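A closer look at the structure
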Amino acid sequence: MYDQLDAFIIRYEELSELLSDPEVLSDTKRFLELTKEEAGLREKVATFKRYKEVEGEIADTEELLSEKLDDDMAAMAKEELTDLKKEKTELEERIKVLLLPTDPNDDKNIIMEIRGAAGGDEAALFAGTLFTMYSKYAESQGWRVEVMDANITGIGGYKEIILMISGQGAFSKLKYESGAHRVQRVPETESQGRVHTSTATVVVMPEAEEVELNIEDKDIRTDIYHASGAGGQHVNKTASAVRLTHLPTGIAVAMQDERSQIKNREKAMKILRTRVYDKISSEAQSEYDATRKSAVGTGDRSERIRTYNFPQNRVTDHRIGLTLQKLDTILSGKLDEVIDALIMADQTQKLESLNNGSI
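This text gives an overview of the structure that appears in the document. Fair warning: this is a prediction, and the values are worked out from it, not measured in the lab.

Overview of the sheet that holds strand β7 (residues 241–246)
Through backbone hydrogen bonds, the strands of a sheet pair up, either in parallel or in antiparallel fashion. Pairing is antiparallel across the open sheet formed by three strands, whose spatial order is β6-β7-β8. Taken across any chain shown, the strands that pair with only one partner, and hence form the sheet edges, are β6 (220–225) and β8 (251–255). Geometrically, the sheet is characterised by an average inter-axis angle of 15° between neighbouring strands, direction not taken into account.

Here's the deal with the side chain of Arg314
Relative to the assigned elements, Arg314 resides in strand β10 (residues 314–317). As a buried residue without a salt bridge, Arg314 has its nearest oppositely charged side chain in Asp317, at a separation of 12 Å. Not counting residues up to four positions away in its chain, the partners in contact with Arg314 are Gln184, Thr307, Tyr308, Asn309, Thr323, Leu324, Gln325 and Leu327.

What to know about the pattern of salt bridges
Under the defined criterion, the tally for this structure stands at 20 salt bridges. Salt-bridge contacts for Glu37 lead to Arg11; the nearest nitrogen and oxygen are separated by 2.8 Å. In this pair, Glu37 is assigned in helix α3 (residues 28–65) and Arg11 in helix α1 (residues 2–18), connecting sequence segments 26 residues apart. Here Glu37 falls in the partly exposed class, since its relative accessible area comes to 31%. Residues joined in a network through salt bridges with shared partners are Arg50, Glu53, Glu57 and Glu87.

Calculation rules
Every chain begins its residue count from 1, and numbering advances along the sequence as written. Predicted model: local features are reported for residues with pLDDT of at least 70 only, side-chain atom pairs are reported and counted for 80 or more only, and whole-chain, interface and lining totals are derived from all residues. Neither water nor hydrogens contribute to the side-chain values; these are computed over all heavy atoms in the structure. Two strands qualify as a pair provided DSSP detects at least 2 bridges between them. In this text, helices come from DSSP runs of H or I with a minimum length of four residues, and strands from runs of E with a minimum of two, each type numbered from the N-terminal end. Between N-to-C directions, angles span 0 to 180 degrees; the directions come from axes that are lines fitted to C-alpha atoms, helices contributing only their stretch in contact. A 1.4 Å probe rolled over the protein chains alone gives each residue an accessible area, and that area as a share of the maximum for its type sets the label: buried under 20%, exposed over 50%, partly exposed in between. The sign given to each residue is positive for Lys and Arg and negative for Asp and Glu; His and the chain ends receive no count. Should a side-chain nitrogen of Lys or Arg be within 4 Å of a carboxyl oxygen of Asp or Glu, the pair is scored as a salt bridge. Between two residues, a contact is recorded if the distance between any of their heavy atoms is within 4.5 Å.

What follows is the structure, given as structure tokens:
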């Protein structure tokens, strides 16, 4: 483990030199790649350097205690030694976490799809509630939210809404949100005041870039048609809507949100590439996923992951047994407590697997 960390320090120092090299500074692509690598090593290097400092301080303090000291000095040295040993243990645990295998998609932007499921109009309204919650959370993280497509119901909910969330670490924090979200509340459409249960589904996929998945033109069927619904007179006059079908997988994406056929095609292609990449990645890793399946889980999208109970102001994440009486706070976009708990549970499970030799 320490040899690996020493190698990180050497590489970090190399990167620091490279990032001040005029040739690198003039090559934007390489500069960004090296900056990203340097940022990924920063915490590992800082933590390990502090660990080595603490080891040195422990050795110095133990040597001091071996000398003849007055009672006050000895007491102070023993207290300091206790604190240093505690910090050393904490740093060792932190280093283990930092050395866990990382998800290569963690730094990617995401495409999130939210759909009303069981419950009709109430499910569509709840999909809108989730959209607002994630949008506010993204805003608090400094991320950008772009609605790619939306199918709005007559009472203001969403049968489906697709959005792109762009920003550092978006996938690392939101990847646990895929699954079925259940709501228990009195619907706005219910006159008798009875609590109903409805569900909405969330799918979170890392954005696939063209360099990662090159879809050939021959594998795509493109259909152009007239847009329908709101949008003005152009709806009937301009064939701007686009449907792209990936023939090898049968995955199709229709887009009519923009007035421009070119813009609709660009959006549809971005979603199509991400869905195809997600499908291929999921199938390629199905055997691995089966062996690593944890209490957190990010794969089974039919799994009921969370319940939002309005009468009791309660949120329960069923994967980790977390219950918070903070529904109003969480729906306002303050998701950190839930997400941090999911990350911690995932890291704990991976550490156990590492200790058991299964990673």
